[in-house]
Every structure is written in C-alpha cells, then in structure tokens.
Amino acid sequence: MSVRVLVIGSGGREHAICWKLSQSSKVDRILALPGSHGIEQVEKCQNVDAKTVDPKDFGAIAKWSKENQISLVVVGPEDPLSLGLGDVLQKEGIACFGPGKQGAQIEADKKWAKDFMLRHGIPTARYESFTDTENAKAFIRNAPYQALVVKAAGLAAGKGVVVAANVEEACQAVDEILGQLKYGQAGATLVVEELLEGEEISVLAFTDGKCVRAMLPAQDHKRLGNGDSGPNTGGMGAYCPCPLISQPALELVQRAVLERAVQGLIKERITYQGVLYAGLMLTRDGPRVLEFNCRFGDPETQVILPLLESDLFDVMQACCSGQLEKHALQWRTGVSAVGVILASAGYPETSTKGCLITGMPAVNTATELIFHSGLAVNKKKEALTNGGRVLIAIALDSSLKEAASKATKIAGSIIFSGSGAQYRTDIAQKAFKMATASSPGLSYKDSGVDIDAGDALVQRIKPLSRGTQRPGVLGGLGGFGGLFRLKDLSYKEPVIAEATQGVGAKIHLALQHELYENVGYDLFALSANDLLEMGAEPVAFLDYIACGKLHVPLAAQLVKGMADGCRDAGCALVGGETAEMPSLYASGQHDMAGYCVGIVEQSRVLPRFDLYQPGDLLIGLPSSGLHCAGFNEILSQLATLNVNLKGRSPVEGGEDGLTLAHVLATPTHLYVKELLRHLQKGDEIKALVHVTHGLLNDVQRLLPEGFETTLDFGAVPVPKIFGWLAAKLKLNAQTLLERHNCGIGMVLVLPQTSQLWRTFLPGAKVLGILQKRTKVDSSGKSIQVRNFVEQLQRVAAPFGGLGERELPEELKELSSRNTTTSPRAYCFENAVGRRLTRVPNTYKDPILILGTDGVGTKLKIAQQTNRNTSVGIDLVAMCVNDILCNGAEPFSFSSYYACGQWNEQLAEGVNFGVQEGTRQANSSFISSHCAALPLLYEPQVYDLAGFALGIAERSGILPRLDDVQPGDLIIGLPSSGVHSNGFSLVHAVLKRVGLGLDDKAPFSEKSLGEELLVPTKIYVKALSSLLAQPNHGVKALAHITGGGLSENIPRVLRKDLAVRLDANKFQLPPVFAWLAAAGNISSTELQRTYNCGLGLVIVVAPSKLEEVLEKLRYTQRAAVVGEVVVRKDAKKPQVMVQNFEASLARAQKILSLPRKRVAVLISGTGSNLQALLDASRDSAQGVHAEIVLVISNKPGVLGLERAKKAGIPSLVISHKDFASREVYDVEVTRNLKAARVDLVCLAGFMRILSAPFVREWRGRLINIHPSLLPKFPGLHVQRQALEAGEKESGCTVHFVDEGVDTGAILVQASVPIMPGDDEDALTQRIHQAEHWAFPRALGLLASGAVRLSPEGKSIGKDSQ
C-alpha cells in the first residue's frame, strides 16, 4: 500500500520533519501544505499550493486528504492545533499527529496550563493570572516572590513572554501585553510568574496519550543577541543533546513532568497524541516547568531529528494508533548537533524581505544541513529572504565544540544583501562553560612552562655570573637589564661595538652527547672573536637560551660554558633570557644566541684599510677544529652514513680515548687573550677577520677594492679532521674553503716587517701577502689559493680521498635593502659596513644597559597565520622596555633569526618588523644573525632573539630602591593586549575550547590570530623625554613581562615593601576575561602570567604625581592604579590586587553582551571620530562598541575621508535640503534606525538638534565640549577661559538634552592653562584630552557602567 503523508506548515521545523520522513522506506510521498522551496528540494516531497487547499479551511484539508489517500497528517505549527484541526481530521477518520483542541490548550492557554500543572502536582513556578492591568501591576509590586515573568496567556508565536530585569520593566510589559494588547487577544489574559533562576532547556517527548517517550534534551536560545541579550524571539539556535541536565534529573522529568502530564490528561478525559514539549528551568530545587507546548519546537526539532535513528514515520504512526509502548526510540550516540538561525534585519520587530542570499551550501550532507524557515526564490531561482527567521545552519560532529564552530562558520559564510543577517555566535557556549567550570583550571605550568624552574635557574647561575665580575659591572642577575659603567675603564673616546652570534646545529651534537659546557663556550667565543674584528675589548655578554622543556641542570651547564669563556676573556656575564616554548621546540630541543658588547677607542676602530700597503702579511691563527660552521649538513650526512659518533676518534684525540663527538664538539678557539693587548696598542694590526662563514668568504672581507692575495697552504698544515670529513662525505676542496675554516680561525693583516706573529702568536703562519690588484681576471676573484688541494688530499687519503660533493650555505645574509631604519646620529659604519656607536660626550658618567628577550610562542601564531611582520616589533618592544626600566635611553638593537628552511621573503618580513620596532624605539639597527638549521627547526618554524643597548647617566639609574617609600603612588601605562608572554597558556586554552586562529575572536570583531598578534607596546617615546628631564620624579619603572603583575613589580621593591593595586582603576582587556573563562584560569594564575592590562608601571612620590601624569595621562591613557605600602608579613605576596575578581566578572559579563552599534555625526575634520574609531577597534581599550555609520551635514569634509579609509559606511545629509530642523532630524533618525544604531556620538557636529530628535535618542546621544562644563558653554570657550584668567580648562563628554551643553556629565578631562598660552596652543592640548575622554565615555556608556536616569542625571561613575 502506498503511504502518503501530509505535513502542515512551511518553516524550518516542517522542513526538518519532511527531511526525516523522507528517510523512511515506508513513505512513498510527502506533501507539504503550503510547504516551501526548501521542502520541495527534499526527495519524495512536493508542495501543495495554498490555492489548491486553504491551510485555514480544516474541512477542505480533511476532504483533500481523503481524496489524495493521505495516511497520516503531521501538524507542525501550534495555531491549527489550537483551532481544532486535529479534531476535524480525527472525525473524518484521518490519522493526525497532533492533539485536538482540548489537548492543545496546554500551549494555547497559559492560564489553563498553569492551573493544569497545579491540579496534577507538576513542579512549576508560582503564578497568578489577570485581566486587569492595575491588579497585575499591584501584584508585581507586592508579591512575596520575584514576580517578574509576564506572559500572554494565548499564542504569540513564541514571543509573548517577558522576563523582566526589575519591577518597572515587568509593569511596562503588563501595559504592553494586556493594556495595549501588543499580541492581540492572546494577551487579553495575563499570567505573572515567579522568576526562576537556572538554565532553561527543552525536553520533547512522543506520546500516544498513554505512553510517553522522551527525546534527547536540547537547549534553545530565545534572545536575539549573544549572551542572551536583546529581545525575545522564536529562537535563534539550539543544540542537542544538552549536557546541562543530568541523567537523574532527566529521569525525574520523565516521572514528575511528562508522565504526570499524560496521566493528568487521561484523568481529565483529554485525548492527546503527538509531541508533548516541556520547557524546563533547572533550578537549585530541581527541574521546574516553564511551559508546555503541543507540538515540535522550532528550532529544537532541527537539531533533534538528525540524531534520531528510529524511523520517524513508525514512531508517529505508533503515536496515532496507541502503539508507542512497542517502539523504543533509537538515537545516534557520540554525536552532537548545533543549529544557528540566520534572521533578517529588523527581526523580531519586523522582517526584511527580498534580500539576496548568497554563500549557502549547495546541498545538504551527512554532517552539514540547511533548513529553510523564511526563504523564497525569484524567477532566476536566486534565494531571497522572506521572513524574520530565514534559515538555520546545522553541523553535526562527535565534538559539541566542533559542531558549534562549524555551524557558526556556515552561518558566517551566508550573506544577506542590504542590511545583512543577524545570527548568534555563542550557540552551545553554555555547555562549554559548564564543561570548563567542571574541568580543572589551566595554569602556565600545565601548558608546559614552569616559571619556578626559570627562577631556580637564575639562582643557580648567579654564582657563575659573579665569577665573571670585572671593573665596570654594576648589580647582578635578576634585574631588567645588565649594567656596565664605562668610567671604570680607561677609554678616552669610547666607541661601542656589538656582535650577535649563534652556534648553529652544533648544539644538536652537544645535546646528544651531553657536551653542554663546550657549546656554551662556543657561543661566547664566537661573539667575542667577532668584536676583535672591530678592535674592541669584550666587556659584557648576554645569552638567550630557548628550549621545549627547561631542564635546570642542563641549562646551568650551558651557562657555565659561557661563564668559562667570559672569565678567559675578562668579560662579564651580565644577564640572559631563558625561554621555555613547548609549542615551538620539542622536549630536549634547544637553540642559543649570544650578544657581546665591546669597547674600542675611536682611533683604534678596525679595519684600517687606509694603512694597507702591498707586501702586508696575512697571518693565519690556527683554529681548534671545525668551530661552529656547517654542522647542520655535517651531522645530517654522518647520520645518513650511520657513522657512530660515540666511537673512538679516527683523528686528533683518538689516541687519548676521545670519541668522534668530542673532537667534533671541540670548543671554538677564543683569541681575546692572544690579540687584545696588541689591538689596544694599535701600532701593528691593521685588520683581522674571524673565520665563521668559510675561509674564502671571510678573507674576502679583508680585501678592499684594488687589493688581492694568494693564500698559500704550502707551509700551513690542514688538520686531519678536515681530511676525514672530506673523505667521509666525499667533499671537494673548494666547498671546504667556502664553508669551513680549514684550520684557520682568525686572519690578521700585519706590516711586512712585523715580528708580532712570530713572537706572541703561537701557531701563527703566513697565509698570504697583500698585493695591489693589477688586473681583473675573467672569474673576478681577488683571492687565489695554492697547495690547499694537495694538503687536503694528503690528510684525506687515509680515509678514502676527496669527492665532488658540495656543502650548502648555512649562515644567511639579509638583503641590505631591507635595512630601512636610519641610524641615530651617534651610529657610524666602519670600513666594512659594520655599525658602531659613539658614546655621546653629554654623558658625564655613562652606564651601558643591555637587555635581551624573545617573543615566545607568540611566534607560533605568526607562523600559523602567515602574519610574520608584527613579531619583529614585539621583539624590539620586549627588549627596549626592559632597559627603559633601568633608566636607559635606547641606542641600538640587534637580532638573531634561526629557521628550518630558508625563505627569504619570510625572513625579510620578520626583519621588516624588527626595523619598524627599532624605529619606534628611536634606536639604530646594528645587525641580524641569520641561520637555516633544519636539524633544529621544522621547515616553516623560526625563532627570534633580540638584544638592546641603551645608555643612562649613572645618577639617573633606576630603580632607586632606597627612595621608594610607603605612600608612593603607582601609575599604570596600559598594555596593548597579551604582549608577548604567556602564549603557551594561550595555545592550551585554544586547544581546550576548539577554536582556530582564523575564527572570530570571542572578544572582538577581528580574528583570534589578528587579536593575539597585536604588537607589544613600545614605551620609549612615551617615557624618554620624561626620563631625560632632571628631577623627573620617577623612582622606579617595571615592565610587566614574563611573570605578570605578581613577579615583575617586586623587582623594583625592597623586601619590606609591597604594592596594593586597584583593578577598578585600570582597564582589564577583554582578551584576559575570555582567557580566564575559557581556560578556567584562576585570578592568581592570571596575575602571575599576564600583564592584565598594565604594560608598564611607574613609582612616583605623591608630590610629583601631577607633574608626571600631565605628560602621560591623555597621550598614554595613564592612570593612578595603586600605591606602595608596608609589607607586614614577609610570607605574603608583594603585589595585592584589590577588586580583581569583580573587574574580571564585569569584563566577562560585557563579553556576553552584543557590541553597541554607534553612529558618529560630524561636520568637519572628524579628529574625534578618528579617536573613536581607533579606540573601538583596539580591543585592549574595552570599548564594547563598533562605529557602523558616519553622517555629515557637509560634503567633502576630512571626516568622510577618515570614514572611507576605515571602511565605515557614510552619508551626507545636507541640512540645506530640508525645510526645517525637525524635518532634517527625522531623516537622520530614519537612517540611524535603518543602520540599527544604538548610540549616537556628536563629534564636531555643528547643528542644533531639534527637541523631538533629542527626546528620541535620550540617554543614547552624547557630545563632547571643549571646556569643563558647566563653565563656558557655547562657542569660543578657550578665548573665554583665557580672558577670565582661568588656571585650567579641558573638555567634557555629556549627554545631550534640549539645552545648550546642559546635559548630564559622563567624563571630564582637565588641562592646565600654561603661562603664555594662546587659543591655538591651549586648543591643541585640549584635543589630546578629547581623544582620551570621548572614547572613555563611549566605553562607559556602551558597557552600561554609566547611564542616564529618568531625572536626567548620570548614574554610575568613571573610576579613573
């Protein structure tokens, strides 16, 4: 027998029902009245035109059903059921899935339903019903419980419920629903219920009137906006199954709600078959019924039915025949479904029809579905909006988080033309929050970074550092930078030389064979030897160690090797950085970089090409072996050949029992002791070169244009290790000359008559003689080589002889065109282009301050998103901000870049950021050491280290620990976000919540990748001018970097002092609120890991506060955030943050609310418009608003250009085109409402607004005025202030009322009037204050921190 099913309805629910029924092998045909375009695309489905059968004519439906042999009628919406369609069909003998009119009362009459629940002991909220508005309002005001839920008793399409925030709002709902009959006769009777607290869920059940079988629980999202904000709707999304209800609670719902309801219907002799829908509140006292519905829910149906494995037709037929007890429901296990509704603009008040829809998936799949709610097609078969709720995007996945993410992505890819679509991005987030709340909180240690281990390493290496002390060193490890006093040396015209080096893949060998000290020595030796090239004495050294997992003993041995080198060279180890980066390095993997600073007399700077003479000698000093060149290729090839490095060395050292690994790992020879005293005499050595890039390449650097030489190995032995290597790897002689030192570690240029090399330099050999170049041969080479091949063949022969293979280049050079930063005036280049820095003679007692840092696993985000430029800025910021804390004026910057696979474009992108950061830091870029090291890094992975050098007058060194006293105040400078610390924890949070870097950030309109890559703020320009002033009043600065607030501020405090911060006084950027919620991170862990919104803090005496704040308040958004106090208990932390939990809760609550849509009205340049744009797009400022429209009353003004550049829609509405102010303002309001604007800012809008406009936008309209109101309202206010002899002026942001500048004040910013000020000078300074005050006021209004009372006063306050 052919089975034909008629489905009544046309929405997304009916589309899902038809889709599920079509999967039944027993159903031949599905007809939908009136159906939809989406339903008609489903296999077996066909629409029945309303012209054929009137959906409201129940008799006609029954007749048509008989004529067309309909086996079952499924009624989707509630209206036909409440009007008796089920009764008509049953009377005609047609099976109807849906109750009759009596049964439908359970939804259609809220009063009857509440009384029914009361009669049958079904748990629900307390309530009363009313037909009189005054009685209802009196009850609300005097009820013994919170009577704040107001419901229309009749059907109102799911919208007739108001959950009021307070009594006034509830009374307003009474007036609208009952008094004004907003929902027609559905509101003629009103139910006022007790406000229950908890999560709302839906449990739907199939019933045949005797048996009841629950479906999987689901959760609907009724409110329009994220965070359950905005008006009630028919539902903006749902997910299933919902984990918020426990199994015992579900069993209770089955017994106490569903079964009692069915038994109650039986007792009241009401026949009921179909769906019984229980809307529940999960209260502390158990589930409570909010409402019953008599049909499938929308949108719950769309996420429940895809999980049903049972045949839906069988279940429905069983319900209609009283046989449900024989059918157990089967559900898919381990799968979640999430649906996101897309609604048209204006919904729920209105709908926007006819907007073109693009981006919809072409077909439904097993894991991605689209069901149509209000969608039509035009003659071209293009999809158009045709209602409020237009469609639902559904994704299925084994992970609820993935399903939610995928459904939201589908929704985001679907575009409605015109005003766009409305959809929520937080469907199912409540389930995640529950999972997060019940899961252990993440910590930095959980993410693989152990701050305690880092602290332990510092303590372990402090003695090593002290062992390298020499004249000039100030302080010790643990500060923000390393300090060195030049006056303790004997230089008259000191010049600073800098060298940055790495050890390449030699560290891989050292780690495999536990030769840690060797490679630490290498790092220092390479750096110090480089300084000798410039004639400089190495005086101070910094190291950077990066690893996947910090093992303190291993790292300490690396540092011991460096300290040994420092001691041998008379150089001080003054600091370093250890970076634990589990997402960048594997456990056990390391890399290192070193930075050495040297001093040379101006007259002794090398090379001295001007002193070269034909016949000068090129003297080679022996190397100790391979040094550090080419190890990546060497180790790779030896591994391929299965060479046992733990076996006895076949060359030097083997007879003493040394392994091959030991010989290969022989530390780089350090030449400082041999050469420094001769360099300082300055009478013989004309130039020298450290051989690190291959002998030929480095000797070439000794030869200026017009000179040449021949390197003769006739009397220069080649060490056996090079012969063995050439034979084992089948290398040719040329590649060794180009990539290795070949036994020569340093080459000097000496006068022909010099005996220095014979007398003082053991092992030195004449390698060549300098000659004038007479002609250029076809090869263009200025270096010839003799006897090397022969020497190499001799030592290679015992091992098999030479081959023809070549070695790749390991060290890389960046293009000189990428050095875009102009050096500072004191920076100059020597004869080979290396940059050095003269110490300005303005310093009486100059102190060099050195700092190093990296960017941490923020690099991973840059690499994954292919946004690599900004991390260079981070690198500079992390270093220069540190040395600022010692009072330094930054002078120069150097970097280290190591990668797996050399990509010049990528490297230049990173270096471009470094250059930009150097420019922002007002520093000279010195050099970048670059290396490609596939053994250490994956192909697309790189690491960065930076080294900053600054100079301070000794009297200006910070912190002044002895001067810091209780009562001193803390000024905070805001951060730009996470900066560059704690990113391993960020990665762990992202993994937990299942978000990708291209996903929209939950705390802004940008992607997570964009937000997390916002560069660390550089504070140089903000503070340099202040610190340069005598008696500036700053006692200490603390850069809030690794260790967060908790561990950085104590670095500038004595042990007897502490700091008390007030979180109400500074902005907690939303990113931290999100991280805390998503990772369940405790406040203590948050403060110990992150800057929490304070990038740098300043300690000042109260007497100096205003002087310092005047320079920083508006330009840097600085504020007083705390004070220094006595530390009464040495066991207690030195940093206490009051009100942090409350601040965090506020920020998290704001995140759950939709961003306010803002329009800005302008008439001119729009400088305040720009300030609002910048602030609203900077998530760190926490302005929970977005500029969506700019309106100007004048064409061609600069403000319109600003809007265009920012991509903000703009309109010119000229007042000249309108007969009156009122008519003009009506047009402005029309456009504001069309753009769904919430708030309006007047930014230089030179129009007097009409009273109706002001009343329309009351409490949502603000203006900025350039005086401290109520003083000087109106025009020419600065002139008035100056003429009145005022001491200060400023600006005021106020609500707009019907007076002139008389509205309630939100924010004021004062500006002192200086002697000699004229209108222009004062106005310019007030502009700075305006650019601070207006965004701040908008942020307060958008977040709800400040609002306008009915009496016209500001409620709330500006905490800063």
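All figures in this text were calculated on a predicted structure; none of them were measured in a lab.

A. Just the overall build of the protein, in detail. In terms of regular secondary structure, the protein is built from 43 helices and 59 strands. Counting only C-alpha atoms, the protein reaches 125 × 90 × 65 Å along its principal axes. Relative to its 1360 residues, the protein shows a buried fraction of 60%. Partitioning the intrachain contacts of the protein with sequence separation of at least 6 by distance along the chain shows that 78% fall at a separation of at least 24. Accessible area of the protein: about 52,500 Å², with a carbon and sulfur share of 49%.

B. View of the nonpolar core. Residues Leu675 and Leu1023 are the most contacted members of the largest nonpolar core, which totals 264 residues. Those residues within four positions of Leu1023 in sequence are excluded, and the remaining contacts are Leu884, Leu973, Leu1037, Leu1096, Ile1098 and Leu1112. Counting residues in hydrophobic clusters, the runner-up holds 73 residues, among them Phe58, Val73, Leu89 and Ile370.

C. Examining helix α40 (residues 1221-1234) more closely. Helix length check: α40, at 14 residues, gives a terminal C-alpha distance of 20 Å against a target of 20 Å (1.5 Å per residue), a fit within 8%. Buried within α40 we find Tyr1224, Asp1225, Val1228, Thr1229, Asn1231 and Leu1232. An end-on view of α40 places all buried positions within 165 degrees of arc, on one side of the element. Those residues of α40 that are buried are in contact with β51 (1156-1162), β52 (1185-1192), β53 (1210-1212), β54 (1239-1243) and α41 (1251-1256). Downstream of α40 by one or two residues, Arg1236 has phi in the positive range, about 55 degrees.

D. Region of interest: helix α1 (residues 12-21). Of all 10 residues in α1, 10 are buried, a share of seventy percent or more. Those residues of α1 that fall on the buried side of the exposure criterion are Gly12, Arg13, Glu14, His15, Ala16, Ile17, Cys18, Trp19, Lys20 and Leu21.

E. Region of the structure containing the sheet that holds strand β42 (residues 889-899). Within the open sheet, the seven strands sit side by side as β26-β27-β41-β44-β42-β43-β38. Their pairing is mixed. Single-partner strands in this sheet number two, and they are β26 (473-474) and β38 (811-812). Note: β42 against strand β44 (residues 942-953), 10 bridges, orientation antiparallel. In the sheet register, Ser894 faces β44, and the bridge partner there is Phe947.

F. Geometry of the packing of aromatic side chains. In the structure shown here, the tally under the stated rule is 22 aromatic pairs. Members of the aromatic cluster, joined through ring pairs, are Phe97, Phe206 and Phe296. Directly above the aromatic system of Phe891 lies the positively charged group of Arg824, at a separation of 4.0 Å from the ring centroid.

G. Spatial organisation of the pattern of salt bridges. Within the structure shown, the criterion is met by 54 salt bridges. When the shortest N-O distance is used, the salt bridge between Arg13 and Glu14 registers 2.8 Å. Comparing Arg13 with Glu14 shows no difference in burial state: the two are buried. Salt-bridge contacts for Lys1233 lead to Glu1256; the nearest nitrogen and oxygen are separated by 2.8 Å.

H. Examining the sheet that holds strand β34 (residues 707-712) more closely. Taking strand neighbours across the sheet as the criterion, the six strands line up as β33-β35-β32-β36-β34-β37 in an open arrangement whose pairing is mixed. Looking along the sheet, the strands with just one partner apiece sit at the ends: β33 (687-690) and β37 (783-786). If you compare each strand with its neighbour and ignore which way they point, the axes differ by 20 degrees on average. Sheet analysis places strand β32 (residues 617-622) next to strand β36 (residues 765-772), joined by four bridges and oriented antiparallel. Bridge assignment links Ile619 to a residue of β36, and that residue is Val766. Where helix α17 (residues 516-532) meets the sheet, its contacts fall on β33 and β35 (744-750), and the angle it forms with β33 comes to roughly 160 degrees.

I. Representation of the side chain of Lys686. Tracing the backbone through its elements, the reader meets Lys686 in the loop between α21 (672-681) and β33. Side-chain polar atoms of Lys686 contact the backbone oxygen of Leu611, separated by 2.7 Å. In this structure, Lys686 is in contact with Leu606, Pro607, Arg608, Leu611, Tyr612, Gln613, Asp616, Val749 and Pro751, ignoring residues within four places of it in sequence.

J. Spotlight on unusual backbone geometry. In this structure, Pro241 follows Cys240 across a cis peptide bond, with omega equal to -5 degrees. That bond from Tyr347 to Pro348 is cis: its omega, 10 degrees, falls within 30 degrees of zero. Positive phi values are uncommon outside glycine, yet Leu181 reaches one of about 45 degrees. Mapped onto the elements, Leu181 comes out in the loop between α9 (167-179) and β9 (190-193). In the Ramachandran plot, Lys381 falls in the positive-phi region, its phi being about 65 degrees despite a non-glycine side chain. Considering the arrangement of structural elements, one finds Lys381 in the loop between β21 (375-377) and β22 (383-385). Taking the relative accessible area as the measure of exposure, Lys381 reaches 64% and is therefore exposed.

K. Region of interest: the packing of α17 against helix α18 (residues 552-569). The interhelical angle for the contact between α17 and α18, taken along N-to-C directions, is 45 degrees, at an axis separation of 7 Å. Classified by the interaxial angle, the pair formed by α17 and α18 is oblique. Two packed elements cross with a definite hand, and for α17 against α18 that hand is right-handed. Residue-level contacts link Tyr516, Glu517, Val519, Gly520, Tyr521, Leu523 and Phe524 of α17 to Leu554, Gln557, Leu558, Lys560, Gly561, Met562, Asp564, Gly565, Cys566, Asp568 and Ala569 of α18. Residues that form the contact of α17 with α18 fall into these classes: 10 nonpolar, four polar and four charged.

Cut-offs used in this document
- Residues numbered from 1 in each chain as written.
- Predicted model: local features only at pLDDT ≥ 70, side-chain atom pairs only at ≥ 80, totals over all residues.
- Heavy atoms only, no water.
- Helix = DSSP H or I, 4+ residues; strand = E, 2+ residues; numbered from the N terminus.
- Buried < 20%, exposed > 50% of the residue type's maximum accessible area, 1.4 Å probe, protein only.
- Contact = heavy atoms within 4.5 Å.
- Areas by Shrake-Rupley, 256 points an atom, 1.4 Å probe, with all protein chains shown as cover.
- Core = buried A, V, L, I, M, F, W, Y, C linked by side-chain atoms within 4.5 Å.
- Expected span 1.5 Å × (residues − 1).
- Arc of directions from axis to C-beta.
- Pairing = 2+ DSSP bridges.
- Phe/Tyr/Trp six-rings, centres within 6.5 Å; stacked < 30°, edge-to-face > 60°.
- Lys NZ or Arg CZ within 6 Å of the ring centre and 35° of its normal.
- Salt bridge = Lys/Arg side-chain N within 4 Å of Asp/Glu carboxyl O.
- Axes fitted to C-alpha atoms, helices over the stretch in contact; angles between N-to-C directions.
- Polar contact = N/O pair within 3.5 Å; in protein donor to acceptor, adjacent residues only side chain to side chain.
- Parallel < 35°, antiparallel > 145°, perpendicular 65-115°, else oblique.
- Left-handed = near helix turned anticlockwise from the far one by under 90°.
- Nonpolar A, V, L, I, M, F, W, Y, C, P; charged D, E, K, R; others polar.

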